[in-house]
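Residues per chain, in single letters:
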Amino acid sequence: MEWASTTLAFYGLGAAALATSLVTLRRRLELSKAKHRTLTGHARMARRVAALVPFYDYDERRFFCSDDAPEEVAARRRAGFERLAALYDARFAETIRRTAEATDGISDLQFTDAYRVPFQYGRVVRQHLKSAAFMQSSAGVMLTDLDGNQFYDLTGSYGVNVLGYDFYKQAIARAVERVGDLGPVLGPYHPVIADNVKRLKALSGCDEVSFHMSGTEAVMQAVRLARYHTRRSHLVRFCGAYHGWWGDVQPGIGNPLPAHETYTLKDMSDDALRVLRTRRDIACVLVNPLQALHPNASAPTDSALVDGARSAHFDKDAYAEWLERLRAVCTEQNIVLIFDEVFVGFRLAMGGAQEYFGVRADLVTYGKTLGGGLPIGVVCGRKHLMKRFRDHRPADVCFARGTFNSHPYVMAAMNEFLRYLETPRARELYRDLDQTWNARAQRLNGRLREEALPVEVANMSSIWTVRYLRPSRYNWMLQYYLRAEGLALSWIGTGRLIFSLNYTEADFQAVADRFVAAARSMQQDGWWWHDPAATNTSIKRRILKEMIAHRLYPKRDCAQPR
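All values derive from a computational prediction rather than experimental measurement. (Residues numbered from 1 in each chain as written. Predicted model: local features only at pLDDT ≥ 70, side-chain atom pairs only at ≥ 80, totals over all residues. Heavy atoms only, no water.)

**Student:** Can you break down the overall build of the protein residue by residue, with the values?
**Tutor:** Each helix and strand in the protein was counted, giving 20 helices and 16 strands. Radius of gyration (C-alpha) of the protein: 26 Å, near the 24 Å computed for a compact globule of 562 residues. Judged by the C-alpha coordinates and their principal axes, the protein covers about 90 × 75 × 45 Å. For the protein, the proportion of its 562 residues judged to be buried stands at 53%. Excluding contacts between residues fewer than 6 apart, the proportion of contacts in the protein whose partners are at least 24 apart in sequence is 77%. When the accessible surface of the protein is summed, it comes to about 26,000 Å², and 56% of that surface belongs to carbon and sulfur atoms. Positive and negative charge centroids in the protein, built from 75 and 61 side chains respectively, lie 5 Å apart. (Helix = DSSP H or I, 4+ residues; strand = E, 2+ residues; numbered from the N terminus. Rg over C-alpha atoms; globule rule 2.2 N^0.38 Å. Buried < 20%, exposed > 50% of the residue type's maximum accessible area, 1.4 Å probe, protein only. Contact = heavy atoms within 4.5 Å. Areas by Shrake-Rupley, 256 points an atom, 1.4 Å probe, with all protein chains shown as cover. Lys, Arg positive; Asp, Glu negative; His and termini not counted. Charge placed at Lys NZ, Arg CZ, Asp CG, Glu CD.)

**Student:** Break down the pattern of salt bridges for me, with residues and values.
**Tutor:** Applying the stated rule across the entire model yields 39 salt bridges. Ionic pairing is found between R327 and D362, a salt bridge with its closest N-O pair at 3.0 Å. Here D362 lies in the loop between α13 (352-357) and β9 (363-366) and R327 lies in helix α12 (residues 316-333), a separation of 35 residues in the sequence. Residue classification places D362 among the buried residues on the basis of a relative accessible area of 8%. Across the pair R467 and E456 runs a salt bridge, and its minimum N-O distance is 2.6 Å. Of the two residues, R467 sits in strand β14 (residues 463-468) while E456 sits in strand β13 (residues 455-460), which places them eleven residues apart along the sequence. Here E456 falls in the buried class, since its relative accessible area comes to 17%. Taken together, the shared-partner salt bridges connect D195, K198, R199, R419 and E422 into one network. (Salt bridge = Lys/Arg side-chain N within 4 Å of Asp/Glu carboxyl O.)

**Student:** I'd like a rundown of the environment of H384, residues and numbers included.
**Tutor:** Position of H384 among the secondary structure elements: in helix α14 (residues 383-386). The exposed category is assigned to H384, whose relative accessible area is 54%.

**Student:** Outline the pairing of strand β7 (residues 282-287), supporting the account with residue identities and numerical values.
**Tutor:** Taken across its six residues, β7 has six buried, putting it largely inside the fold. In this sheet, β7 lies alongside strand β5 (residues 234-238) in parallel orientation, the contact comprising three bridges. Residue V236 lies in a different strand from β7, and its bridge partner there is V285. Both β7 and strand β8 (residues 336-340) contribute to a ladder of four bridges, which runs parallel. Each residue of the ladder has a partner; that of V285, found in β8, is L337. Regarding topology, α12 serves as the crossover connection from β7 to the parallel β8, and that connection is right-handed. (Pairing = 2+ DSSP bridges. Right-handed = clockwise from strand over helix to strand, strands pointing away.)

**Student:** Can you explain the side chain of S462? Please cite residues and give values.
**Tutor:** Tracing the sequence through the fold places S462 in the loop between β13 and β14. Overall, S462 belongs to the buried group, its relative accessible area being 0%. Residue contacts for S462: discarding those within four places in its chain leaves R347, W437, L497, I498, F499 and L501.

**Student:** A description of a negative patch on the surface should follow, citing residues and the corresponding values.
**Tutor:** Taken together, the side chains of D315, D317, E321 and E324 present a region of like negative charge at the surface. For E321, the position within the fold is in helix α12. The exposure class assigned to E321 is partly exposed, which follows from its relative accessible area of 49%. (Patch = residues over 30% accessible without salt bridge, like charges linked within 9 Å, V, L, I, M, F, W, Y side chains within 5 Å.)

**Student:** Give a detailed account of the packing of helix α8 (residues 165-179) against helix α15 (residues 408-420), specifying residues and quantitative values.
**Tutor:** Angle between the axes and distance between the axes: these two values describe a pair of packed helices. It is at 8 Å that the axes of α8 and α15 come closest, and there the two elements cross at 125°. Accordingly, the angle class assigned to the pair α8 and α15 is oblique. Regarding α8 and α15, the two cross each other, and that crossing is right-handed. Where α8 abuts α15, its residues F167, Y168, A171, R174, A175, V176, R178 and V179 lie against P408, Y409, A412, A413, N415, E416, F417, R419 and Y420. (Axes fitted to C-alpha atoms, helices over the stretch in contact; angles between N-to-C directions. Parallel < 35°, antiparallel > 145°, perpendicular 65-115°, else oblique. Left-handed = near helix turned anticlockwise from the far one by under 90°.)

**Student:** I'd like to hear about the environment of G493, residue by residue, with values.
**Tutor:** With respect to the helices, strands and loops of the structure, G493 is situated in the loop between β15 (487-488) and β16 (497-498). Taking C-alpha positions, G493 is 14 Å from A518, a pair spaced 25 residues apart along the chain.

**Student:** Account for the packing of aromatic side chains, naming residues and giving values.
**Tutor:** Aromatic ring pairs are described here by two measures, namely the spacing of the ring centres and the angle between the planes. One pass over the full model with this rule turns up 36 aromatic pairs. Ring geometry for F92 against F151: centres 5.9 Å apart, planes inclined by 35°, an arrangement best described as tilted. Residue F92 is located in the loop between α4 (71-91) and α5 (93-103), and its partner F151 is located in strand β3 (residues 150-153); the two are separated by 59 residues in the primary sequence. Looking at F92, the relative accessible area reads 5%, which means it is buried. For F151, a relative accessible area of 7% translates into the label buried. (Phe/Tyr/Trp six-rings, centres within 6.5 Å; stacked < 30°, edge-to-face > 60°.)

**Student:** I'd like a rundown of the side chain of T264, residues and numbers included.
**Tutor:** Looking at the secondary structure, you find T264 in strand β6 (residues 262-265). When residues no more than four places from it in sequence are discounted, the contact partners of T264 are K35, T40, G41, R237, F238, C239 and P251.

**Student:** Which residues make up the nonpolar core, and what values do they have?
**Tutor:** By size, the foremost hydrophobic cluster in this structure holds 135 residues, and its most contacted members are L326, F357 and F515. Top element by residues in this core is helix α19 (residues 505-524). It accounts for nine residues. Leave out the neighbours within four places in its chain, and F515 touches L444, L448, V455, V457, V466, L478, L482, L487 and L497. The next biggest cluster of nonpolar side chains, apart from the first, holds 20 residues, and it includes A218, L225, Y228 and L363. (Core = buried A, V, L, I, M, F, W, Y, C linked by side-chain atoms within 4.5 Å.)

**Student:** Provide a residue-level description of the state of the cysteines, including the pertinent values.
**Tutor:** As enumerated under the stated definition, the model contains zero disulfides in all. Just so you know, C239 is unpaired, no disulfide at all, and the nearest cysteine sulfur is the one on C284, 18 Å from it. (Disulfide = S-S within 2.5 Å.)

**Student:** Explain a nonpolar patch on the surface residue by residue, including any values.
**Tutor:** Judged by side-chain polarity, L39, M45, V49 and V53 come together as a nonpolar surface patch covering roughly 290 Å² of accessible area. Among the structural elements, L39 can be located in the loop between α1 (2-33) and α2 (43-52). By relative accessible area, L39 is classed as partly exposed at 40%.

**Student:** Could you give an account of the sheet that holds β6, with specific residues and numbers?
**Tutor:** On the basis of which strands lie adjacent, the open sheet formed by seven strands has the order β4-β10-β9-β8-β7-β5-β6 and mixed pairing. Because the sheet does not close on itself, it has two edges, and the strands there are β4 (208-212) and β6. Across the sheet, the axes of successive neighbouring strands diverge by a mean angle of 20°, strand direction being ignored. In the sheet, β4 pairs with strand β10 (residues 377-381) via five bridges, with the strands oriented antiparallel. Counterpart to S210 in the pairing with β10 is V379. Across the sheet, helix α11 (residues 270-278) touches β5, β6 and β7, and the angle it forms with β7 is around 155°.

See below:
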């Protein structure tokens, strides 16, 4: 009898262990299914693969025919490249010289210069098409470099420039004048902060506000508050989204340590919603509305343009529906929904992405676009989530501080921005915003089609990206033709074009003319030649073979034509 009881007990324990294992397995499978199938969706695997990629580059002969182009095409490319190099040397001489002097001591310039194009081509490009990182003035929608060259600005100052540089220069000047008597006194507040809080509460629909030193810090605090109030550990971010450079929100390549309490899920996915419904350790979900332009893809830099597969398409209605479903699940599961509007805030609408998509978040973070031209980070949220202490547990606090929080000059510049939003002139800028920028994108695409140029643009209001319609290893060259035509791009090149809202029809027409001229020149110089049998997939396979060969035989020239 005793033996039978013991046996039954063991069977019971075994059954319980099996059931637990099956539940754990099912949860793991659900999580795996909710991740995007690419490496972007698998942070740990991406880190491992990145560590295996060998460095190699092309010599000047191979540079022009890495796709096995005929000699005649390679010769056209070389001639076009030499013309561009001569133009750069003559037109941008002083700006290039000053950039070269500064690069040795500025690690940021070294990084951006190294990753401006696919690494195989970098040495030849850096030797001949030198980058220029300095500007001396701005006016209207134009920038002027150290050589006196004028460019139409498509950098958008990484999203800061919503209203035009003239506005921000005036806002900063007025801010210094308004708070100059107090100066850079930190700790005590200047009275202007009270007006900022009132206006931010109205715009965001939230109860309370806290100020921080950057957008990254604002996101850090929003996540910390969510964890504090839910007593849960994990955050959810969506594949490809950028939320700053701190570890928990950048779990893949670029972070020396893996993030252990982060789930990276597919955007716009029922599988992701299933994970949110079934896991009990999720404190918050981060949404960067910019991802609506290229769901589940990383920021589109030209350094990743190894073929023509870059995709982008904005469907406002579809993304709004997704956000509504996400909002419902977060409410149901007591998960904090955070909108990270550091980049898009006040660019899409006066009330930000919440107004634009018609969905309210629990916490909203702002940054670049709010500071009136100066750096800032802001968290707006529901009252119960913004509280940093517990009434009955005095030692249980959610700490956040920063020396330059609420700097008087920044607060005054912010106030200039917020007050301007209430003016008739600002309302006119925002009126029919989508229709204006969608029509401009359509007109440019029509011109590109008329000339049979293998390129088009996709846009999310005034935020644009360039799509390439032909499998090519040289699409990244377009950025250099655009600069030669007087269009200023950020270091990520054609992956993101950002217009300020003060672009007139005449300004945009000039940009469109230059864009078409640049694409026409690039086509004439042979960069868009391709083997009719080539596909984006075949190009990637060939590059993979090159990498494997260089990994196995690092001293052998493995990039010869085959």
